[in-house]
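Chain by chain, the residues run as shown.
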Amino acid sequence: MVRRPLARLRSLAGGWDGDPAWAHVYSWSVDHPAYGALGWRLAVGSDLRLLLDVADGTGRLPEGSRVLDVPCGSGVALRGLRPGQGVDYQAVDIAPAMLERTRRTAERLGVADQVTGVVADVAALPYDDGAFDRVVSFTGLHCFPDPRTAFAEMARVLAPGGELVGSAVLTDSGLRFEPLRRLGRLSGLLGPLCSSDDVRRWAAADGVVDLEVTTSGAIGYFRGRRAS
Ligand SMILES: C[S@@+](CC[C@H](N)C(=O)[O-])C[C@H]1O[C@@H](n2cnc3c(N)ncnc32)[C@H](O)[C@@H]1O
């Protein structure tokens, strides 16, 4: 009896491999901040500018910088990359359908020559230790089945002094978002989630220093750098 509505909810939400409808809405909202900002306020109580600022940081990296975007999803973080910037941008996602969306976004923004799409699990990143100057992880930790291992992997591939930036729905980001978190878990789109304290503890254990976590509505934005 319980299984049938649950199965229906999951098929309505769609899995990552099925290019879920909401992913179109999400990327559209980021690409059209004039309208998207209001949508973010209403849906998750969050200030979209925080995400846009983090994405824009990629555009200030010098030529030759190496960036990892995991999970790249629709390629939302690509908006920071400039045509001709000369960055080696690795876009990683477990779902080929989402990587295809990133490929299309890269083409549209004129940065496809800098972007390499890779199908991989964040829990086992196919990169050497210290391979990246910047690791970006937008709305990822709350989707991963094992956010602890994901964080450790992202820290491992970060070069000394490199920057880890990202966002995630956190368990301690307000009681009023509990229905959203529950629905997300039931639909299968969200994983076990983590709290801001989890992120702080993991950073300390994995050599990520100067960690800041800013909560805005349901979403926490984190920023730290790998100890030199
Ligand atoms: C909410 S989307 C965010 C994507 C992107 N950062 C964005 O902001 O558009 C979550 C993404 O996580 C990916 N994902 C889920 N589990 C993963 C895993 N274990 N390893 C890599 N990617 C994963 C999904 O395929 C999906 O594209």
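Up top is the structure.
As the structure is a prediction and not an experimental result, all values here were calculated from the model. (Residues numbered from 1 in each chain as written. Predicted model: local features only at pLDDT ≥ 70, side-chain atom pairs only at ≥ 80, totals over all residues. Heavy atoms only, no water.)

(A) Main features of the pairing of strand β2 (residues 88-93). Among the 6 residues of β2, 5 are classified as buried, and the element is accordingly described as predominantly covered. The sheet contact formed by strand β1 (residues 66-69) and β2 spans 4 bridges and is parallel. Looking at β2, one finds that valine 67 is bridged to tyrosine 89. Here β2 pairs with strand β3 (residues 115-119) via 5 bridges, running parallel. Within β3, the position partnered with alanine 91 by the bridge is glycine 117. For the crossover that starts at β2, traverses helix α5 (residues 96-109) and ends in the parallel β3, the hand is right-handed. (Buried < 20%, exposed > 50% of the residue type's maximum accessible area, 1.4 Å probe, protein only. Helix = DSSP H or I, 4+ residues; strand = E, 2+ residues; numbered from the N terminus. Pairing = 2+ DSSP bridges. Right-handed = clockwise from strand over helix to strand, strands pointing away.)

(B) Looking closely at the environment of alanine 204. Mapped onto the fold, alanine 204 is located in helix α8 (residues 196-205). Assessed through its relative accessible area of 63%, alanine 204 is described here as exposed. As a C-alpha pair, alanine 204 and arginine 103 span 101 residues in sequence and 34 Å in three-dimensional space.

(C) Focus on the packing of helix α3 (residues 33-44) against helix α4 (residues 48-57). The interhelical angle for the contact between α3 and α4, taken along N-to-C directions, is 125°, at an axis separation of 9 Å. One finds that α3 runs oblique with respect to α4. Judged by residue contacts, Pro33, Gly36, Ala37 and Trp40 of α3 engage Leu48, Leu51 and Leu52 from α4. Looking at the contact of α3 with α4 residue by residue, the class counts come to 6 nonpolar, 1 polar and no charged. (Axes fitted to C-alpha atoms, helices over the stretch in contact; angles between N-to-C directions. Parallel < 35°, antiparallel > 145°, perpendicular 65-115°, else oblique. Contact = heavy atoms within 4.5 Å. Nonpolar A, V, L, I, M, F, W, Y, C, P; charged D, E, K, R; others polar.)

(D) Quick peek at helix α7 (residues 178-187). Along α7, the positions that sit buried rather than exposed are Glu178, Arg181, Gly184 and Ser187. Phi turns positive, to about 90°, at glycine 188, one or two residues after α7.

(E) Quick peek at the site of the ligand. In the vicinity of the ligand lie 19 residues, with Tyr26, Pro71, Asp93, Asp121 and Phe138 positioned nearest. In the model, a nitrogen atom of the ligand is placed 3.0 Å from a nitrogen or oxygen of the aspartate 121 side chain. At 3.0 Å from a nitrogen atom of the ligand is found a main-chain nitrogen or oxygen belonging to valine 122. The fraction of the free accessible surface of the ligand (600 Å²) that becomes covered by protein chains is 96%. Within the shell around the ligand, the residues separate by chemical class into 14 nonpolar, 3 polar and 2 charged. (Near = heavy atom within 4 Å. Polar contact = N/O pair within 3.5 Å; in protein donor to acceptor, adjacent residues only side chain to side chain. Areas by Shrake-Rupley, 256 points an atom, 1.4 Å probe, with all protein chains shown as cover.)

(F) Representation of the nonpolar core within the structure. Counting 31 residues, the largest nonpolar core has Val30, Trp40, Leu51, Tyr89, Val115 and Phe138 as its most contacted members. Elements with a minimum of two residues in this core: α2 (21-31), α3, α4, β2, α5, β5 (158-169) and β7 (219-226). Counting residues per element, this core draws most heavily on α4, at 5 residues. In contact with tyrosine 89, other than residues within four places in its own chain, are Thr58, Val67, Asp69, Ala77, Leu78, Leu81, Gln114, Val115 and Thr116. Counting 29 residues, the second-largest nonpolar core is a separate cluster that includes Leu68, Val70, Phe132 and Ala155. (Core = buried A, V, L, I, M, F, W, Y, C linked by side-chain atoms within 4.5 Å.)

(G) Quick peek at the pairing of strand β4 (residues 132-137). In terms of burial, β4 is a largely internal element, 5 of the 6 residues being buried. As paired elements, β4 and β5 share 5 bridges and run parallel to each other. Pairing of serine 137 across the sheet is with glycine 166, part of β5. Handedness of the β-α-β unit built from β4, helix α6 (residues 147-156) and β5 comes out right-handed.

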